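What follows is the residue order along each chain.
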Amino acid sequence: QNISGKTAFITGGASGIGLGIAKALLGQGMKVAIADIRDDHIAEAVAELQGGDDVLALKLDVTDREAFARAADETEAKFGKIHILVNNAGVAALGPAADAAYGDWDWTVGVNLGGTINGVVTILPRILKHGEGGHIVSTASMSGMIPHPGAVTYVTSKAAVTAMMESMRGELEGQGVICSAFCPGAVQSNIAEAGKTRPEKYAETGYEQSDKARQSAGDFSHLFMTKEEVGERVLEGILNDELYIMTHAEFYDGVKDRGAAMLAAVPAKRPINEEYRATFAPLFH
Ligand code: NAI
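A quick note: this is a predicted structure, and the numbers were derived from the prediction, not measured.

Asker: Report on helix α4 (residues 102-130), specifying residues and quantitative values.
Answerer: Every α-helical turn comprises 3.6 residues, leaving residues that sit three or four positions apart pointing alike. Between its first and last C-alpha, α4 extends 40 Å over 29 residues, near the 42 Å set by a 1.5 Å rise per residue. The largest bend in α4 comes to about 35°, at Gly 110.

Following this line, the structure appears as structure tokens:
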């Protein structure tokens, strides 16, 4: 598939993983809109990308639906059409499930899942309308794939994003739109600062103690992938039409064990109603 000359719209595109994806796609001759809530990230990203005429930097809060439509309009006004949507903006509030306050839930789910929903509702119709085909990549996480205790608000939002891409994929591939769930392990980024953009209305948190404990646990970022490495991996996943774009072989056993646990839970010895199977099983395939 030739993506050169086409346009990508990347949320959270001014830092970390989103910026890495922007670099990789620009390297293929794409035009790229990076949409981000942080002015300082936008300024740094424009400098890092040496933003020529193929970069459009937009200020956007992905939870603001009207603003999302305006950002898409601006991108189309500059580049004509949007072909690749990367729903990547994300935040993390981490801590024990029993401590999670509504503010922790609403902020995390609102940005990570709500922002992805807003991206799809805003941009998918535009991709379908121009009929040139396209791709939707949503940044989920390895945390949404295999059990990750101490992160329930984040895990829930990411598992939902993966499920969205799984559900939409079969529906849309016949219409030329491929859906991918990007499920990285740890990547060097600014996500530890995500709280800086947390709205006042979601300030309520039960995670103050666990945040302190995590911060004093040390810095492991030297073990993480770089944004450039994951950007190239996403590019490869797009070019190969991959459903799950994964990055870290270290999680092989975790993914295998989860799949095996699900298979083991299917009551395979239960008598099968053939009519039910013939009617419904294909819908879930
Ligand atoms: P980052 O903080 O470096 O980049 C995220 C960008 O999204 C930031 O520039 C931030 O300003 C922007 N953003 C936050 N809220 C926004 C909103 N409401 N509207 C628009 N932009 C917003 O963090 P990173 O790590 O690059 O995160 C990107 C995605 O990758 C997130 O969805 C995150 O959950 C996911 N992820 C990150 C991993 C990691 O280890 N860094 C691992 C797995 C997934």
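Asker: So what about the pairing of strand β4 (residues 84-87)? Which residues, and what values?
Answerer: Because side chains alternate across β4, one face comprises the buried residues Ile 84 and Val 86, and the other comprises Leu 85 and Asn 87, equally buried. Two strands pair when backbone bridges link them, and β4 and strand β5 (residues 134-139) are joined in this way by 4 bridges, in the parallel orientation. Bridging across to β5, Val 86 finds its partner in Val 137. The β-α-β motif built from β4, the intervening α4 and the parallel element β5 has right-handed crossover chirality.

Asker: So what about the packing of helix α1 (residues 16-27) against helix α7 (residues 227-239)? Which residues, and what values?
Answerer: In contact at an axis separation of 7 Å, α1 and α7 are set at 60° when each is read in the N-to-C sense. When the axis of α1 is compared with that of α7, the two are oblique. Considering the relative orientation of α1 and α7, their crossing is right-handed. Residues Gly 16, Ile 17, Leu 19, Gly 20, Ile 21, Lys 23, Ala 24 and Leu 25 of α1 touch α7, and the partners they reach there are Lys 227, Glu 228, Val 230, Gly 231, Glu 232, Val 234, Leu 235 and Ile 238. A class-by-class count of the residues in the contact of α1 with α7 yields 9 nonpolar, 3 polar and 4 charged.

Asker: Residues and numbers for the nonpolar core, please.
Answerer: Counting 41 residues, the largest nonpolar core has Phe 9, Leu 60, Ile 123, Ile 136, Met 165 and Met 168 as the members making the most contacts within it. Elements supplying a minimum of two residues to this core: β2 (31-36), β3 (55-59), α3 (65-79), α4, α5 (152-172) and β6 (177-183). Considering each element in turn, this core owes the most residues, 7 residues, to α4. When neighbours within four sequence positions are excluded, Ile 123 is seen to be in contact with Phe 9, Phe 68, Ala 72, Ile 82 and Leu 85. Listed in part, the 29 residues of the second largest apolar core include Ile 42, Leu 49, Val 137 and Met 225.

Asker: Can you lay out the sheet that holds β3 for me, pointing to particular residues and giving the numbers?
Answerer: Pairing within the open sheet is parallel, and its 7 strands lie in the order β3-β2-β1-β4-β5-β6-β7. The outermost strands of the open sheet, each flanked by one partner alone, are β3 and β7 (244-246). On average, adjacent strands in this sheet sit at an angle of 15° to one another, irrespective of strand direction. Against the sheet, α5 contacts β5, β6 and β7, and its axis sits at roughly 160° relative to β6. Relative to the sheet, α7 contacts β4, β5, β6 and β7, its axis offset from that of β7 by approximately 155°.

Asker: A description of the site of the ligand should follow, citing residues and the corresponding values.
Answerer: Neighbouring the ligand are 28 residues, the closest being Ser 15, Asp 36, His 41, Tyr 154 and Ser 189. Here Ser 15 contributes a side-chain N or O atom positioned 2.6 Å from an oxygen atom of the ligand. Between the ligand and Ile 17 there is a distance of 2.8 Å, counted from an oxygen atom to a backbone nitrogen or oxygen. Contact with the protein chains hides 95% of the accessible area of the ligand, taken as 830 Å² for the molecule alone. Those elements giving two or more residues to the shell around the ligand turn out to be α1 and α5.

Asker: Requested: an account of the side chain of Arg 38, with residues and values cited.
Answerer: Mapped onto the elements of the fold, Arg 38 is located in the loop between β2 and α2 (39-49). A polar atom in the side chain of Arg 38 sits 2.7 Å from the side chain of Asp 40. Excluding residues that lie within four positions of it along the chain, Arg 38 makes contacts with Glu 193, Lys 196 and Thr 197.

Asker: Please set out the pattern of salt bridges residue by residue, giving values where relevant.
Answerer: For the structure on display, the rule yields 18 salt bridges. Of the charged contacts in the structure, one is a salt bridge between Asp 40 and Arg 38, with a shortest N-O distance of 2.7 Å. Among the residues examined, Asp 40 registers a relative accessible area of 35% and is labelled partly exposed. Overall, Arg 38 belongs to the buried group, its relative accessible area being 12%. Here Arg 126 ties to Asp 73 by a salt bridge, and the two come within 2.9 Å at their closest N and O atoms. Residue Arg 126 is located in helix α4, and its partner Asp 73 is located in helix α3; the two are separated by 53 residues in the primary sequence. Of the residues examined, Arg 126 reaches a relative accessible area of 19% and is grouped as buried. According to the relative accessible area criterion, Asp 73 is partly exposed, its value standing at 42%.

Thresholds, definitions, all that
- Residues numbered from 1 in each chain as written.
- Predicted model: local features only at pLDDT ≥ 70, side-chain atom pairs only at ≥ 80, totals over all residues.
- Heavy atoms only, no water.
- Helix = DSSP H or I, 4+ residues; strand = E, 2+ residues; numbered from the N terminus.
- Expected span 1.5 Å × (residues − 1).
- Bend = angle between axes of the 7 residues up to and from the residue.
- Buried < 20%, exposed > 50% of the residue type's maximum accessible area, 1.4 Å probe, protein only.
- Pairing = 2+ DSSP bridges.
- Right-handed = clockwise from strand over helix to strand, strands pointing away.
- Axes fitted to C-alpha atoms, helices over the stretch in contact; angles between N-to-C directions.
- Parallel < 35°, antiparallel > 145°, perpendicular 65-115°, else oblique.
- Left-handed = near helix turned anticlockwise from the far one by under 90°.
- Contact = heavy atoms within 4.5 Å.
- Nonpolar A, V, L, I, M, F, W, Y, C, P; charged D, E, K, R; others polar.
- Core = buried A, V, L, I, M, F, W, Y, C linked by side-chain atoms within 4.5 Å.
- Near = heavy atom within 4 Å.
- Polar contact = N/O pair within 3.5 Å; in protein donor to acceptor, adjacent residues only side chain to side chain.
- Areas by Shrake-Rupley, 256 points an atom, 1.4 Å probe, with all protein chains shown as cover.
- Salt bridge = Lys/Arg side-chain N within 4 Å of Asp/Glu carboxyl O.

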